[in-house]
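Results of the structural survey
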Amino acid sequence: MHNALRNCFSLLVLIGNNAAATSHLLGIESKQYGESIAYDMNVAGQVAAVIKEKDGTPHAVFFENGKLIKLEIPGETESEANHINNKGEVVGSSKTGQTWRAFIRGRGMQDLGTLGGPNSYGMALNNAGVAVGFSDTANRDWHAFLYTPGEPLKDLGTLGGKVSYASGINNLGKVVGTATTSDGSRHAFLYDETTGMADLGTLGGRYSSATAINDQGVVVGSSETKDRRLHAFVHDGTQMIDLGNKIGFGNSYATGINNEGHVVGVVDSADMRLSFVWRDNKMALHPAGKSLYLTNAINDAGQVIGARYDHGMNAATMPSNATPFVDLGGRKIFGFNLIVVMLAAAIALFRKRLKGLFFENGLFFRM
């Protein structure tokens, strides 16, 4: 057993070494700004990010060529930036007192208003400056909204329940998100101005959620399966395709897709976190650590955007064609699954014998 454990730890070292060159820090100085997470990057390299001040307060920032600009509204206590379009416009949210308001930062800071309640959150926008998010209504239910420049917020409704959230929009104005059905389940939706809100269904479970959509109308997100696991999915316009089955283990979450159809996300399994890239009908896995711990988006230049974890979150990117630890297919997936099982067994044994000593000393971590 000791030899097996030694082999497992050797594999951990191998994983770390392989991952060392896959991600690139953006250069947001942690000593000055604290932790940072990149949420989106346009093709010009402009970044929408969040920094975490030394006191723990998050603030939305615009970052370009080493220069950081805080997207502050007078009197705010915290803020977030979620998406940036190719014009450099950023959508996010700002908190003043106990109230959150969606904003777009272009030439100035614009408050997007609400659907009748006090709060709203900005989640995504396209190159025409059309934005989506969610807001509480006068009845204090949360509804997805669509913002068109010069017009009031449009309530996108629900799938028969009381709640909906919009999380993505493409350049044709199609919107995706999550909404409750009449029985209270939450399902991924696709909204089109002509046809309204359509239920995208699930992978056999009770719940699903859509996170992003490209200009070809391909939607990504995550869904519960029949066996109550969470799997990343791609919806091609006619059916929901299970990406979790192509990974083969753990819970997976798709977080972004670009116009080439490349999909990114994360996988959680036992005490391991990995990022994944699905492109050209191949699944590539990248262990967290020196690779990306969080994947929030992928742009049309093929850059995966998120954060690397190294004693804290640091905004980083990774090329979508980075050499993976494993390229799923044929015999390789069997070998990788065996590694995961061995690591899980080793971790379980050490937890039992040493009562958490390794975790207290930082040899393993889980966010």
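A short tour of the structure in this document, coming up.

**Structural notes on the nonpolar core**
- Core analysis: the biggest nonpolar cluster contains 18 residues, and Leu243, Val263, Phe276 and Leu285 have the highest contact counts within it.
- Those elements that place two or more of their residues in this core are strand 20 (230-235), strand 22 (251-257), strand 23 (263-269), strand 24 (272-279) and strand 25 (282-287).
- Considering every element that reaches this core, the biggest residue donor is strand 24, with 4 residues.

**Thoughts on the pattern of salt bridges**
- Per the counting criterion, the structure on display carries 8 salt bridges.
- Close ionic contact of Glu78 with Lys95 constitutes a salt bridge, the shortest N to O distance being 3.8 Å. Of this pair, Glu78 sits in strand 6 (residues 78-84) while Lys95 sits in strand 7 (residues 90-96), and the two are 17 residues apart along the sequence.
- Between Arg228 and Glu224 there is a salt bridge, and its shortest N-O distance comes to 3.9 Å.

**Quick notes on the side chain of Arg308**
- Positionally, Arg308 belongs in strand 27 (residues 303-309).
- The side chain of Arg308 sits in the buried core without any salt bridge; Asp310 is the nearest counter-charge, 5.2 Å away.
- Here the side chain of Arg308 touches Ser23 through a polar contact of 3.3 Å, side chain to side chain.

**Considerations on the sheet that holds strand 5 (residues 67-70)**
- As summarised here, the arrangement of the 4 strands in space is 2-3-4-5, forming an open sheet in which the pairing is antiparallel. Only two strands of the sheet have a single partner each, and these edge strands are strand 2 (35-41) and strand 5. On average, each strand axis in the sheet is inclined to that of its neighbour by 30 degrees, with strand direction left out of account.
- With 4 bridges connecting them, strand 4 (residues 58-64) and strand 5 associate as antiparallel partners. Pairing of Glu64 across the sheet is with Lys67, part of strand 5.

About the cut-offs
- Residues numbered from 1 in each chain as written.
- Predicted model: local features only at pLDDT ≥ 70, side-chain atom pairs only at ≥ 80, totals over all residues.
- Heavy atoms only, no water.
- Core = buried A, V, L, I, M, F, W, Y, C linked by side-chain atoms within 4.5 Å.
- Buried < 20%, exposed > 50% of the residue type's maximum accessible area, 1.4 Å probe, protein only.
- Helix = DSSP H or I, 4+ residues; strand = E, 2+ residues; numbered from the N terminus.
- Salt bridge = Lys/Arg side-chain N within 4 Å of Asp/Glu carboxyl O.
- Lys, Arg positive; Asp, Glu negative; His and termini not counted.
- Polar contact = N/O pair within 3.5 Å; in protein donor to acceptor, adjacent residues only side chain to side chain.
- Pairing = 2+ DSSP bridges.
- Axes fitted to C-alpha atoms, helices over the stretch in contact; angles between N-to-C directions.

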